[in-house]
Structure formats: structure tokens, C-alpha cells
Amino acid sequence: MGRRKPPQVDGFLVVDKPAGITSHDAVAVARRVLGERRIGHSGTLDPDATGLLLMGVGRATKLLPLLLDLRKTYAGEIVLGTSTSTLDSKGEVTGTFDMAHITIADVAREAAVLTGPIQQIPPMVSAIKIDGVRLHAMAREGIEIERQPRSVTVFKFDVAATADPLVFRCEVECSSGTYIRSLAADVGAALGGGAHLRNLRRTQIGSFDLSAASPISDLVLRPMADALVDYAPAVVPAELVDKVRRGTVLERVMLPLIGPGPWPVLTSDGELLGVYQAHHGTSIKPAVILPPATTTEDK
């Protein structure tokens, strides 16, 4: 008789991460609560940042790459007059500047310059790996290396004044890989001084906003298919279910496809079988095939 396994947990989590814990810490909490080791997230939040963190549980971890490129929206505050080593409020002060003369119109002008397709140099405190070492690990050792600029898109960069003449609220909608703290620092530099970011909060990822999120203390497990609400689904005819489960390349006309894909493929009962994507000519191929849920016993 084989050793009995715990039931496998599959699903999707939309979490409102609190400040003071890493994204990895949040995953660790979910593992303990759900009793499932296979949990991952679709995009890191800084420890002091709050807001949306999307997690895949069990078989749903295979869907996480499809969430990486969704647009993201952030809210925060740009603090003029002080630059820091980490570009946020937790770093050491590296410069102070007299910027009391700066107006909301000045800040809005520079924010507009940083809207659209831009080249952005990742900060040394980012999680990007160079030769297998994360930049923030180098930064902790006092090492700074040259980083290549990356292409990102800022779809919206709105700013608003606050009661403090040196603090401006900002809301940024952007492509994946955009560093909001770098945008804040760039605004300060463009205005002839320096700036840093504080109170960063991720408010939206694709169609998911904070109204859909649960606190880390009260996780709500959602169906796997919920992870793919930003993609047009295709319901597979019953006679093709086995072919889809095997990852067979199909002709486009065999499924009711809408848009350019990728397409979540579901049974008529709503079971998510996998995700298909465009292939050569008129064919489509699997991007993700979800294996059947395991039984509770080893054979």
C-alpha cells in the first residue's frame, strides 16, 4: 500500500499584500494555509509596497507566465527635494535639493515626457539577475554595475498636488517591467534636483483590481479559470476533449476562437483543460496543458 498523499489543491489567489513582507513571504503564508507546496506568484512587489499579488496554486502555477505581461496600475507619492540610495523612502539619503519653487504644472510636464514608450534603466535595488546574481544583492554589498536600458511603456502617468508642496500623488498605468521608483527619481532629476517614491501600492493587474483581493489573513481560493479572465475562452466540443488533453495541434476552425489568442480552452462544464496559442498557418497549438488532478493515493 502506497503512502497516502494529502489532497492536491488547485486554484487562483488574488491577494492584497501588506507592507513589511516580501512576495516570497506571502507565498509561504499561502503554502501553510492551503497545505500545498506548489504555489507561485506572477510579479514581485517590494517588501514595503502593498497591493495586488496574483498567485497560482497547484496546477494553476502553469498559468502564471500568461499573467506576466498584463498591464499594471500603481499609486504612490513622489517626494521632491530628497534622493535616496534605493529611490524610495527606505534608502539612505544621497542628496537634498531646494525644490520649493516647483509647481504641479512642472511635475505634470515631466510626467508627460515619461509617458509612452520609453527606455528605462533598472535600479540597482531591483530583482533582475546579472550573471546569476540579483542586482539588489550587489547593491547591499556596495557594488554598482552598468545596466542596459530596457523598453517599457507608460500608458498613463497622472500627478496631483497634496497639502505638502513637495509631495505629489501619482497614478501610473504601465507595461510589465516598469519601475515606478525610477519614474519618480527621473521626474526629480528632470526638474533640476532629486526625488524618491513612497507609499507604493499596486491597484490593478489586467482586469483584477483591489475590490477582488483578499487579505493575506483570509485567503479566498478561486477556480483556475479565473486567472485567465483577460483572455477570450473557447469551449471545446466534447469529441475534441481527449485531443486537447493530449496537447494535439488543431486547426483554428475546430474551436470557436475570438481574437488573436492565447485562448483558455474549457469543457462545456467549465473545466479548464489548458491554453492554446496561434501556430503555423491556420493551426493552433497548446501553450499550457493542465494534467488531470492527482488521486489521493500512490499506486
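Everything discussed here concerns the structure shown above.
Keep in mind the model is a prediction, meaning the values are calculated, not measured. (Residues numbered from 1 in each chain as written. Predicted model: local features only at pLDDT ≥ 70, side-chain atom pairs only at ≥ 80, totals over all residues. Heavy atoms only, no water.)

### Some points on the overall build of the protein
Line of reasoning, step 1. Within the protein one finds five helices and 19 strands.
Line of reasoning, step 2. Across the 299 residues in the protein, those meeting the buried criterion constitute 42%.
Line of reasoning, step 3. A separation threshold of at least 6 residues defines the contact pool for the protein, and within that pool the share at least 24 residues apart is 67%.
Line of reasoning, step 4. Element-wise, carbon and sulfur atoms account for 53% of the exposed surface of the protein, whose accessible area totals about 15100 Å². (Helix = DSSP H or I, 4+ residues; strand = E, 2+ residues; numbered from the N terminus. Buried < 20%, exposed > 50% of the residue type's maximum accessible area, 1.4 Å probe, protein only. Contact = heavy atoms within 4.5 Å. Areas by Shrake-Rupley, 256 points an atom, 1.4 Å probe, with all protein chains shown as cover.)

### Overview of empty space enclosed by the protein
Line of reasoning, step 1. Following the criterion strictly, the structure yields one cavity of 30 Å³ or more and no others.
Line of reasoning, step 2. The computed volume of the largest cavity comes to approximately 30 Å³.
Line of reasoning, step 3. Lining the largest cavity are Arg245, Leu273, Ile289, Leu290 and Pro292.
Line of reasoning, step 4. Residues of the lining of the largest cavity, tallied by class, amount to four nonpolar, no polar and one charged. (1 Å grid on protein atoms, 1.4 Å probe; cavity = no way out; pocket = protein on both sides within 12 Å on 5 of 7 lines; lining within 4 Å. Points joined across faces, edges and corners; volume = space filled by probe spheres on them. Nonpolar A, V, L, I, M, F, W, Y, C, P; charged D, E, K, R; others polar.)

### Digging into the packing of aromatic side chains
Line of reasoning, step 1. In total, this model carries one aromatic pair according to the counting rule given.
Line of reasoning, step 2. For the pair phenylalanine 12 and phenylalanine 208, a centre-to-centre distance of 5.3 Å together with 55 degrees between the ring planes defines the contact as tilted. In this pair, phenylalanine 12 is assigned in strand β1 (residues 11–17) and phenylalanine 208 in strand β13 (residues 208–209), connecting sequence segments 196 residues apart. We note that phenylalanine 12, like phenylalanine 208, is buried.
Line of reasoning, step 3. Directly above the ring of phenylalanine 155 sits arginine 71, whose terminal nitrogen or CZ lies 3.5 Å from the centroid. (Phe/Tyr/Trp six-rings, centres within 6.5 Å; stacked < 30°, edge-to-face > 60°. Lys NZ or Arg CZ within 6 Å of the ring centre and 35° of its normal.)

### Looking at the environment of threonine 178
Line of reasoning, step 1. Within the secondary structure layout, threonine 178 lies in the loop between β11 (167–174) and α4 (180–190).
Line of reasoning, step 2. Sequence separation between threonine 178 and arginine 150 is 28 residues; the distance between their C-alpha atoms is 8.9 Å.
Line of reasoning, step 3. Residues within four places of threonine 178 in sequence aside, it is in contact with Gln120, Val152, Thr153, Val154 and Leu183.
Line of reasoning, step 4. At 2.9 Å, the side chain of threonine 178 forms a polar contact with the backbone oxygen of serine 175. (Polar contact = N/O pair within 3.5 Å; in protein donor to acceptor, adjacent residues only side chain to side chain.)

### Overview of the nonpolar core
Line of reasoning, step 1. Counting 27 residues, the largest nonpolar core has Leu80, Val107, Phe157, Ile180 and Leu183 as the members making the most contacts within it.
Line of reasoning, step 2. Only β4 (72–80), α2 (104–113), β10 (150–161), β11, α4 and β12 (195–205) provide two or more residues apiece to this core.
Line of reasoning, step 3. For leucine 80, the contacting residues outside a window of four places in its chain are Met99, Ile102, Val107, Leu166, Phe168, Gly188, Leu191, Gly194 and Ala195.
Line of reasoning, step 4. Of all hydrophobic cores here, the second largest spans 21 residues; its members include Val14, Leu66, Leu70 and Ile205. (Core = buried A, V, L, I, M, F, W, Y, C linked by side-chain atoms within 4.5 Å.)

### Things to note about the pattern of salt bridges
Line of reasoning, step 1. Inspection of every chain in the model, using the stated rule, returns twelve salt bridges.
Line of reasoning, step 2. Across the pair glutamate 173 and arginine 71 runs a salt bridge, and its minimum N-O distance is 3.2 Å. Of this pair, glutamate 173 sits in strand β11 while arginine 71 sits in the loop between β3 (50–57) and β4, and the two are 102 residues apart along the sequence.
Line of reasoning, step 3. Take arginine 71: its relative accessible area is 42%, and that puts it in the partly exposed class.
Line of reasoning, step 4. Taking the shortest distance from any N to any O, the salt bridge between lysine 156 and glutamate 171 comes out at 3.2 Å. In this pair, lysine 156 sits in strand β10 while glutamate 171 sits in strand β11, placing the two residues 15 residues apart along the sequence.
Line of reasoning, step 5. Taking the relative accessible area as the measure of exposure, lysine 156 reaches 27% and is therefore partly exposed. (Salt bridge = Lys/Arg side-chain N within 4 Å of Asp/Glu carboxyl O.)

### Describing the side chain of threonine 267
Line of reasoning, step 1. Locating threonine 267 in the fold gives a position in the loop between β17 (263–266) and β18 (272–278).
Line of reasoning, step 2. Look past the residues within four positions of threonine 267 in its chain and what remains in contact with it is Val235, Val236, Val241 and Leu273.

### Here's the deal with α4
Line of reasoning, step 1. Buried residues dominate α4, accounting for eight of its eleven residues.
Line of reasoning, step 2. Looking at α4, one finds that the buried residues are Ile180, Arg181, Ser182, Leu183, Ala184, Ala185, Val187 and Gly188.
Line of reasoning, step 3. Among the structural elements, β4, α2, β7 (116–120), β10, β11 and β12 are those in contact with the buried residues of α4.
Line of reasoning, step 4. Downstream of α4 by one or two residues, glycine 192 has phi in the positive range, about 85 degrees.

### Points about the sheet that holds strand β15 (residues 234–235)
Line of reasoning, step 1. Across the sheet, which stays open at both edges, the five strands sit in the order β15-β17-β18-β19-β16 with mixed pairing between neighbours. With one partner strand each, in any of the chains shown, β15 and β16 (250–251) form the two edges of the open sheet.
Line of reasoning, step 2. Pairing of β18 with strand β19 (residues 283–289) involves five bridges; the strand directions are antiparallel. Paired with tyrosine 276 across the strands is proline 286, a residue of β19. (Pairing = 2+ DSSP bridges.)

### A few points about unusual backbone geometry
Line of reasoning, step 1. Cis geometry marks the peptide bond from glycine 261 to proline 262; its omega dihedral reads 0 degrees.
Line of reasoning, step 2. Position of proline 262 among the secondary structure elements: in the loop between β16 and β17.
Line of reasoning, step 3. Backbone geometry places leucine 87, a non-glycine residue, at a positive phi of 70 degrees.
Line of reasoning, step 4. Along the polypeptide, leucine 87 turns up in the loop between β5 (82–84) and β6 (93–96).
Line of reasoning, step 5. In this model, asparagine 199 sits at a positive phi of 55 degrees, which is unusual for a non-glycine residue.
Line of reasoning, step 6. For asparagine 199, the position within the fold is in strand β12.

That's the geometry; what it means functionally is another story.
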